[in-house]
Amino acid sequence: MDKIFITRLIPEFGLDRVRESFPTLDVWEEELPPSREMLIERARGADGLLCLLTDKIDGEVMDAIGKQLKVISSMSVGVDHIDVAAATARGIPVGNTPGVLTDATADQAFALMLSAARRVTESERFLRAGKWVTWQPSLLLGADFAGATLGVIGFGRIGQAVAKRAQGFDMRVLYHDPTASPAHNAQPVDLDTLLRESDFVSVHVPLTAQTKHFVNAEFLSKMKSNAVLVNTARGGVLDQTALYIALRSNRIFAAALDVTDPEPLPMDSPLLELENCIIVPHLGSASKKTRDMMSLLAAQNLIAGLKGERLPNCINPEVYKS
Ligand code: GLV
């Protein structure tokens, strides 16, 4: 019987699918993820590993699990927590869950963009603090959407879904992505043009060695002073110290972050002192249906890998060439 380790309790929707074929699976049921040591201990000898973005899976972990490991399936679209090159070198296919979280993540980017522009969280704090004394002509004024320019950085599935939503808000959309084709009336531009012209900038690039701190002091210095920055990609794409300086000095109007580095964000992070920074705990894909579908795709990848079949969503298809 194949041995399977699942690093957290995932929705029953996907878990049941795995159980049907592999009733003896082992699930880490704690609220917090297993430590590296615990993960290795529990996964040692596993044929299949189903992990989350909170588990760092590098070559050393793969070797400790053992040569019999046939598949690594992550219940996430991003795979920056997995050393994919190390998996490929060991002939292990890595699965992810693209597509099913596109709309939920684009909705979250839009929700954050609207909240930052219209100062929703700040004004709610204002109200709860008992500061609402009367309707005032100049109270908590924010930014307009209609007629504004949105710059989308990274024009993959999620970036395009954000551009599609922007059409309904009568926004002009620019995008920067040297590998993508135009869609949803969005216009391709170079990065400097995008930063110079955009009132809203939404980031949708994966975290790689190339995109680490891509949003840095220089990037922020090129944005408009009224601009809102939204990050629903990965925290590591953004230099948080540079962002703090830019927000504090009102170099840009506001930022809204679904992701931080590290996660969770330490409660003493200076970003939490700022009224013009919204931070939520990595909830881009957090709708019931989306998480169910992610668990299903992760289960399907795991099962296919265990059966020696091609993963329906494989991040390193080159493993099948050899
Ligand atoms: C979420 O961030 C994911 O990569 O699925």
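Before going into details, it helps to say that this report is about the structure given with it.

Calculation notes
Residues numbered from 1 in each chain as written. Predicted model: local features only at pLDDT ≥ 70, side-chain atom pairs only at ≥ 80, totals over all residues. Heavy atoms only, no water. Buried < 20%, exposed > 50% of the residue type's maximum accessible area, 1.4 Å probe, protein only. Helix = DSSP H or I, 4+ residues; strand = E, 2+ residues; numbered from the N terminus. Pairing = 2+ DSSP bridges. Core = buried A, V, L, I, M, F, W, Y, C linked by side-chain atoms within 4.5 Å. Contact = heavy atoms within 4.5 Å. Near = heavy atom within 4 Å. Polar contact = N/O pair within 3.5 Å; in protein donor to acceptor, adjacent residues only side chain to side chain. Areas by Shrake-Rupley, 256 points an atom, 1.4 Å probe, with all protein chains shown as cover. Axes fitted to C-alpha atoms, helices over the stretch in contact; angles between N-to-C directions. Arc of directions from axis to C-beta.

### Examining the pairing of strand β7 (residues 172–176)
Line of reasoning, step 1. Most of β7 sits inside the fold, with four of its five residues counted as buried.
Line of reasoning, step 2. In the sheet, strand β6 (residues 149–153) pairs with β7 via five bridges, with the strands oriented parallel. Each residue of the ladder has a partner; that of Ile 153, found in β7, is His 176.
Line of reasoning, step 3. Bridge count between β7 and strand β8 (residues 187–188): two bridges; the pairing is parallel.

### Section: the nonpolar core
Line of reasoning, step 1. The biggest cluster of nonpolar side chains holds 29 residues, and the ones touching the most others in it are Phe 219, Leu 220, Met 223, Leu 229 and Leu 243.
Line of reasoning, step 2. Counting residues per element, this core draws most heavily on helix α10 (residues 240–248), at five residues.
Line of reasoning, step 3. Apart from residues no more than four positions distant in its own chain, Leu 229 is found in contact with Val 201, Val 203, Val 215, Phe 219, Leu 220, Met 223, Leu 238, Leu 243, Ile 252, Ala 254, Ala 255 and Ala 256.

### Structural notes on the site of the ligand
Line of reasoning, step 1. The ligand sits among Leu 53, Ser 76, Val 77, Gly 78, Leu 101, Arg 234, His 282 and Met 294.
Line of reasoning, step 2. Between an oxygen atom of the ligand and a main-chain N or O atom of Val 77, the distance comes to 2.8 Å.
Line of reasoning, step 3. One of the side-chain N or O atoms of His 282 is found 2.7 Å from an oxygen atom in the ligand.
Line of reasoning, step 4. For the ligand, whose free accessible area comes to 190 Å², the fraction covered by protein is 90%.

### Digging into the sheet that holds strand β1 (residues 4–6)
Line of reasoning, step 1. Strand order in the open sheet made by the five strands is β2-β1-β3-β4-β5, with parallel pairing throughout. Strand pairing shows two members of the sheet lacking a second neighbour, β2 (26–27) and β5 (94–95), which therefore form its edges.
Line of reasoning, step 2. In this structure, β1 lies alongside strand β3 (residues 48–51), joined through three bridges in parallel fashion. What sits directly across from Phe 5, in β3, is Leu 49.
Line of reasoning, step 3. Packed on one face of the sheet, helix α2 (residues 36–43) meets β1, β2 and β3 and runs near 155 degrees to β1.

### Notes on helix α1 (residues 12–21)
Line of reasoning, step 1. Burial in α1 covers these residues: Gly 14, Leu 15 and Val 18. Down the axis of α1, the buried side of the element spans an arc of 100 degrees, and every buried residue falls inside it.
Line of reasoning, step 2. Turning to α1, the residues buried within the fold contact β1, β2 and α11 (288–306).

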